[in-house]
Amino acid sequence: MRTMTSSPENKITRSDLIKSAVNTGALGMEFSWTYYKQMNIAFCLMVANMLKKIYAGRPDDYAEALHRHCAFFNITVQFAPFVGGIAMAMEEKVARGEIEPESVNDVKAALMGPLSGIGDSIFLSTLRVVAAAVGISLCQAGNPFGPIAFLLIYNVPGFALRIWGAVKGYELGVGFLDEAQRTGLMQKIMTCVGIVGVMVVGAMCKDMFWASIPVAIGSGEDAQTLQDILDGIMPGMLGMIAFWLYYWLLSKKINPMVLIVATMVVGIVGAFFGVLA
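As the structure is a computational prediction, the values presented were derived from the model and not from experiment. (Residues numbered from 1 in each chain as written. Predicted model: local features only at pLDDT ≥ 70, side-chain atom pairs only at ≥ 80, totals over all residues. Heavy atoms only, no water.)

(A) Inspection of the overall build of the protein at higher detail. Helix and strand counts for the protein come out as eleven helices and two strands. Shown N-terminal to C-terminal, the secondary structure of the protein runs as helices and strands in the order α-α-α-α-α-α-α-α-β-β-α-α-α. Here the protein holds 277 residues, and the buried ones make up 35% of them. Within the protein, counting contacts between residues at least 6 apart in sequence, those at least 24 apart form 68% of the total. (Helix = DSSP H or I, 4+ residues; strand = E, 2+ residues; numbered from the N terminus. Buried < 20%, exposed > 50% of the residue type's maximum accessible area, 1.4 Å probe, protein only. Contact = heavy atoms within 4.5 Å.)

In structure tokens form, the structure reads like this:
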């Protein structure tokens, strides 16, 4: 590991964190979303100014850090600044040569699944529904405040969490991670986070796979589709099979763009011949 120094003027401030929580990258997590690496460009844009400050006068290290944060990233958008705060606290340690650069993305990857499960439940499944119900009720009553009420109910907690999360994430990254590594708690946390992440991935295999096999087996009233048989064995089996197939192909270094195009072709051909629906 390279031994480096970091001057006090390069230290991230509360103002830097708040600005990052509401800048173009943080607010535009979905604007540059791609199937390949999803929110990676927006995350990079969110933390770019802080990375430039951390690695001031070290253009090669700054470029390396930007490239590091171009890795796959996806999360409930309101939690992105929280992860950004933790990542910047760790980057300061990387700049001083105290931890390995690869550990930053390891922590980011470990946090994505669990925080997304929590965030989607709060913001998409609960708060957005409540905000819509209030807004629609006001609109039906002829109150022009309906759309504004919807935006306020949904966005005020979201922006509060963005700002608080960026600051708190940085504080946790500086103090909590040190203590956790010293006591061995970090390994336990990573294990627990990994378990929750696997649970989230398993649920997504079931709920975010939208294909079935309508091929009929038998005739008359006793006829069943192949999908009915698979669901009788284990609901969501087809999605789980697809997940493990893609996981295996990615482990073989198959380009994700090839998998995306192949999925489109298989879907179109399968639907045309009635094998998939």
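(B) Fine view of helix α1 (residues 14-21). Within the sequence span of α1, burial applies to D16, L17, S20 and A21. The buried residues of α1 occupy an angular sector of 135 degrees when the element is viewed end-on, so they sit on one face. Away from its buried face by more than 90 degrees, α1 exposes R14 and K19. (Arc of directions from axis to C-beta.)

(C) Looking closely at the nonpolar core. M29, F43, Y55, F73 and V83 are the most contacted members of the largest nonpolar core, which has 45 residues in total. Secondary-structure elements contributing two or more residues to this core are α1, α3 (40-54), α4 (59-68), α5 (80-95), α6 (102-140) and α7 (146-183). Counting residues per element, this core draws most heavily on α5, at ten residues. Non-local contacts of V83, meaning those with residues more than four positions away in its chain, are made with F43, F73, I75, K108, L111 and L115. (Core = buried A, V, L, I, M, F, W, Y, C linked by side-chain atoms within 4.5 Å.)

(D) Main features of the packing of α3 against α4. Viewed as axis vectors pointing N to C, α3 and α4 meet at an angle of 160 degrees, and their least axial separation amounts to 10 Å. With respect to α4, the axis of α3 lies roughly antiparallel. Seen along the crossing, α3 lies across α4 with a hand that is right-handed. Two secondary-structure elements touch here, α3 through C44, A48, L51 and K52 and α4 through Y62, A65 and L66. (Axes fitted to C-alpha atoms, helices over the stretch in contact; angles between N-to-C directions. Parallel < 35°, antiparallel > 145°, perpendicular 65-115°, else oblique. Left-handed = near helix turned anticlockwise from the far one by under 90°.)

(E) Molecular detail of the pattern of salt bridges. Under the definition given, this model contains seven salt bridges. The partner of E64 in a salt bridge is R68, and the shortest N-O contact between them spans 3.8 Å. Placement of the pair is E64 and R68 together in helix α4, with a separation of four residues, close to one helical turn. You can call R68 buried: its relative accessible area is 10%. E91 is paired through a salt bridge with R68; the nearest N and O atoms lie 2.8 Å apart. With E91 in helix α5 and R68 in helix α4, this residue pair connects regions lying 23 residues apart in the sequence. As far as the burial class goes, E91 and R68 line up, both buried. Connected through shared salt-bridge partners, E64, R68 and E91 make up one network. (Salt bridge = Lys/Arg side-chain N within 4 Å of Asp/Glu carboxyl O.)

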